[in-house]
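Geometric and topological summary
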Amino acid sequence: MGNRPMASFLVAYERSATSSKICTLYEMNLERINKQFMNTQIYGTAIDEQGAFRHEVKLPSGDLTVYATQQLFSSLDYKVFDMANNNLQIPDIRYMSYTPDVHVGVGTCIGTTAVWDARSGYVSPSIVGSDIGCGMRVHMTNLHKDDLKDVKLRRKLVKAIEKVLPMEANQRGHYSDIRLEHIVRKGLHGLPKKYIPDSYTPKKSTSLTHVESSKFAFDESVLELVPDMTWHRAHRQLGTLGGGNHFAEIQAIEIAEENRSIAEAWGLSDGQIVVMIHSGSRAWGGYVSQMSSSAILKVMQRHGWGTSDPKLIFAPLEHAEGRHYVNMMYSALNYAVTNRHLIAYAMREAFREVFGSKCEFSTLYDLMHNYAWEEHHPELGRVFVHRKGATRALPAGHTDNPKPYLTTGHPALIPGSMGTASYIMVGQPGGADNYYSICHGAGRIRSRTATKRLVKVEDFEAALRVGTEDEIVVNQRSLESILDESPQAYKNVDEIIESVTGAGLAQVVAKCKPLAAVKGAKS
DNA sequence: ATGTGC
């Protein structure tokens, strides 16, 4: 496949005077390794496949598949290979891969898909990530981008959103009529009816059941161990955005010509205004992650389990602590889905205030990128799939699609960095090789601290076209406070998208260009 | 990411 020449990479530790552990990727002819690299200890090798969009990497602990353009692949931080090598030491791992937006995280890279047998396998809080259930949600309006041409109107909209959507640190949500106990047990089913308004239901789309029925069933007795303080904080935080890369964005979409029929079937049209939300399980998921990780760590120490990275936490699925984590994780998935729903509910209120009560706000989809759960695999049977910063994108016809999306595949929601485009995609049959995982966003290229040191506020302002009629209006008065979220902190999302389309994992249905955004920040 | 952790 593809007409580009095959290339090979050497993943190597160089021994030099200053360092003996620097891993480097060399593009080279494998036959000449020994002659050219006298001071190099071969750590692993990578072979390009599928026209250089897929790389099969052989590491000491096992095999890793990396989906990326050749350029992205060769620019990867060596630490991601070290991290993969540690993760591959967890027993009985069936499969591990990286998406092109991969970058270093705690214990496991963000951008990882890792698979075990669902009965005899392992679960790892490190390969779920600390923001359990974090994900994306998109709502479709009946507004056109021309309706938002006036920068003053975009400002008015952002002001209206600020009034109804808590986004400053420590700011509390205002849902005292919602019982948190019902939310973590039943997800959206735990919400009072008033929060599921009829007008959410799109006229065209057949049903919202894919989202509204989201419910992660688990052994609810684990909830008894959660301390009062966590219940209290998590309740106050319901419907709040959170900080970091979380956002709610108003975007205008452009339909990809080759997928126009899918776009129309989903209710998307050229120039349409959509609202994209990125948030997670807030303090509830944070508590689950922290408490489970320390409980499992104790078990690991007792049994002498572990890899070279002490921060890589894992336990057998059948072990009591492993099961406990899975149960608690599902409560956090319920929290996260409901949290995004309530953020959308508030956004809808703001839109109705500015554009009137006829403003539609139907749900396109809600999709997580930090979780682990059971899936069916045609050859392996029941498997336990972890996705940390990876999005599941099912193709047309896959029976795990929610009914309304069975014939098209479901929307896969991929955020870009601030000021750059986001994407609505659909999975392709080629994704089967990767358990249908695709990228989850642009992927960080520099740390928050490094970004604050290197990027100037002026660069961020330019990216947002501040001061022009086309300005992407942001709620934060001080861009300084969210400088670590500037596009210069991230990889180019277009190249990430090119990687997954090139590899045959997914196709673009719509490109979403930002018009306004709200973000949380430290106060 | 997190009412972060010293």
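Cut-off values and rules
- Residues numbered from 1 in each chain as written.
- Chains lettered and ligands numbered in written order.
- Predicted model: local features only at pLDDT ≥ 70, side-chain atom pairs only at ≥ 80, totals over all residues.
- Heavy atoms only, no water.
- Buried < 20%, exposed > 50% of the residue type's maximum accessible area, 1.4 Å probe, protein only.
- Helix = DSSP H or I, 4+ residues; strand = E, 2+ residues; numbered from the N terminus.
- Polar contact = N/O pair within 3.5 Å; in protein donor to acceptor, adjacent residues only side chain to side chain.
- UniProt positions renumbered as here; feature names shortened; annotations may be inferred.
- Contact = heavy atoms within 4.5 Å.
- Near = heavy atom within 4 Å.
- Nonpolar A, V, L, I, M, F, W, Y, C, P; charged D, E, K, R; others polar.
- Salt bridge = Lys/Arg side-chain N within 4 Å of Asp/Glu carboxyl O.
- Axes fitted to C-alpha atoms, helices over the stretch in contact; angles between N-to-C directions.
- Parallel < 35°, antiparallel > 145°, perpendicular 65-115°, else oblique.
- Left-handed = near helix turned anticlockwise from the far one by under 90°.
- Core = buried A, V, L, I, M, F, W, Y, C linked by side-chain atoms within 4.5 Å.
- Phe/Tyr/Trp six-rings, centres within 6.5 Å; stacked < 30°, edge-to-face > 60°.

**With respect to helix α3 (residues 79-87)**
- Among the nine residues of α3, seven are classified as buried, and the element is accordingly described as predominantly covered.
- Along α3, the positions that sit buried rather than exposed are Val-80, Phe-81, Met-83, Ala-84, Asn-85, Asn-86 and Asn-87.

**A word on helix α13 (residues 493-502)**
- Turning to α13, its buried residues are Val-493, Glu-495, Ile-496, Ile-497, Ser-499 and Val-500.
- If you check the start of α13, you find a side-chain oxygen 3.0 Å away from the backbone N of Asp-494, and it comes from Asn-492.
- At the exit of α13 stands Gly-504, carrying a positive phi of roughly 80 degrees.

**As for the UniProt feature "binding site: Mn(2+) 2" (unreviewed entry) in chain A**
- Here the UniProt feature "binding site: Mn(2+) 2" (unreviewed entry) sits at His-278 and His-369. A compact arrangement is adopted by the annotated residues: their sequence extent is 92 residues, whereas the largest C-alpha distance between any two is 10.3 Å.
- Following the sequence through the fold, His-278 ends up in strand β11 (residues 272-279).
- Judged by relative accessible area, His-278 falls into the buried class, the value being 4%.
- Excluding residues within four positions of it along the chain, His-278 makes contact with Cys-134, Gly-135, Met-136, Leu-241, Asn-245, His-246, Phe-247 and His-369.
- With respect to the secondary-structure elements, His-369 resides in the loop between β13 (362-368) and β14 (370-377).

**Observations concerning the protein's contact with DNA strand B**
- Inspection of the region around DNA strand B gives 15 residues, with Gln-237, Gly-244, Asn-245, Arg-448 and Lys-522 positioned closest.
- Protein-adjacent atoms of DNA strand B, using a 4 Å cutoff, are sugar or phosphate at a proportion of 53%.
- At 3.0 Å, a side-chain N or O of Ser-130 approaches a base nitrogen of DNA strand B.
- At 2.9 Å, a side-chain N or O of Arg-282 approaches a phosphate oxygen of DNA strand B.
- For the surface near DNA strand B, the secondary-structure elements that each account for two or more residues are α7 (228-237) and α9 (282-303).
- Here the surface near DNA strand B is built from residues that sort into one nonpolar, nine polar and five charged.

**Looking at the environment of Ile-445**
- In this fold, Ile-445 is placed in the loop between β19 (437-438) and α11 (448-454).
- Sequence spacing of Ile-445 and Ser-75 is 370 residues, and the spatial spacing of their C-alpha atoms is 9.9 Å.

**Examining the pattern of salt bridges**
- Scanning the model with the defined rule gives 25 salt bridges in all.
- Close ionic contact of Lys-194 with Asp-177 constitutes a salt bridge, the shortest N to O distance being 3.3 Å. With Lys-194 in the loop between α5 (180-186) and α6 (209-212) and Asp-177 in the loop between α4 (151-164) and α5, the pair connects residues that are 17 residues apart, well separated along the chain.
- The closest approach of N and O atoms between Asp-270 and Arg-260, which form a salt bridge, is 2.8 Å. Taken together, the residues Asp-270 in the loop between α8 (260-266) and β11 and Arg-260 in helix α8 connect sequence positions ten residues apart.
- According to the relative accessible area criterion, Arg-260 is partly exposed, its value standing at 25%.
- Salt bridges linked by common partners bring Arg-444, Arg-448, Lys-452, Asp-484, Glu-485 and Lys-519 together as one network.

**Examining the packing of α4 against helix α10 (residues 320-355)**
- Packing of α4 against α10 leaves a shortest axis separation of 8 Å and a crossing angle of 135 degrees. When the interaxial angle is binned, α4 and α10 end up oblique. Handedness of the crossing formed by α4 with α10: right-handed. Residue-level contacts link Leu-153, Lys-156, Leu-157, Ala-160, Ile-161, Lys-163 and Val-164 of α4 to Ala-346, Met-347, Glu-349, Ala-350, Phe-351, Glu-353, Val-354 and Phe-355 of α10.
- Grouping the constituent residues of the contact of α4 with α10 by class yields eleven nonpolar, no polar and four charged.

**Focus on the packing of α7 against α9**
- Where α7 contacts α9, the axes come no closer than 7 Å and their chain directions differ by 145 degrees. The residues of α9 that touch α7, namely those facing Thr-230, Trp-231, Ala-234 and Gln-237, are Arg-282, Ala-283, Trp-284 and Tyr-287.

**Thoughts on the environment of Glu-249**
- Tracing the backbone through its elements, the reader meets Glu-249 in strand β10 (residues 247-255).
- You can call Glu-249 buried: its relative accessible area is 4%.
- Glu-249 sits 101 residues away from Leu-148 along the chain, and the two C-alpha atoms are 13 Å apart.
- If we ignore the near neighbours within four places in the chain, the residues touching Glu-249 are Val-274, Val-275, Met-276, Ser-422, Pro-514, Ala-516 and Ala-517.
- Engagement of the side chain of Glu-249 in a polar contact is seen with the side chain of Gln-251, the distance being 2.9 Å.

**Let's talk about the nonpolar core**
- Core analysis: the biggest nonpolar cluster contains 147 residues, and Leu-268, Trp-284 and Met-347 have the highest contact counts within it.
- The element that contributes the greatest number of residues to this core is α10, accounting for 18 residues.
- Beyond its immediate sequence surroundings of up to four residues, Trp-284 is in contact with Leu-180, Val-184, Leu-223, Val-226, Thr-230, Trp-231, Ala-234, Met-328, Ser-331, Ala-332 and Tyr-335.
- Among the nonpolar cores identified, the runner-up in size contains twelve residues, and Met-418, Leu-464, Val-474 and Ile-482 belong to it.

**Describing the packing of aromatic side chains**
- Applying the stated criterion across every chain, the model contains 13 aromatic pairs.
- Seen in terms of ring centroids, Tyr-175 and Tyr-195 are 5.4 Å apart; in terms of plane orientation they differ by 75 degrees. Their pairing is edge-to-face. Of this pair, Tyr-175 sits in the loop between α4 and α5 while Tyr-195 sits in the loop between α5 and α6, and the two are 20 residues apart along the sequence.
- On the basis of relative accessible area, Tyr-175 is assigned to the buried category, the value being 6%.
- Residue classification places Tyr-195 among the buried residues on the basis of a relative accessible area of 3%.

**Here's the deal with the side chain of Ser-422**
- Secondary-structure assignment places Ser-422 in strand β18 (residues 422-427).
- With relative accessibility at 0%, the residue Ser-422 sits in the buried group.
- A polar contact is formed between the side chain of Ser-422 and the side chain of Gln-251, at a distance of 3.3 Å.
- When sequence neighbours within four positions are dropped, the list of residues in contact with Ser-422 reads Glu-249, Gln-251, Met-276, Ile-414, Pro-415, Gly-416, Ala-510, Lys-511 and Cys-512.

**With respect to the side chain of Thr-113**
- Structurally, the position occupied by Thr-113 is in strand β7 (residues 110-117).
- Side chain to side chain, Thr-113 and Ser-437 meet in a polar contact 2.8 Å long.
- Not counting the four nearest positions on each side in its chain, Thr-113 is found in contact with Tyr-95, Met-96, Ser-97, Val-385, His-386, Arg-387, Ala-390, Asn-434 and Ser-437.

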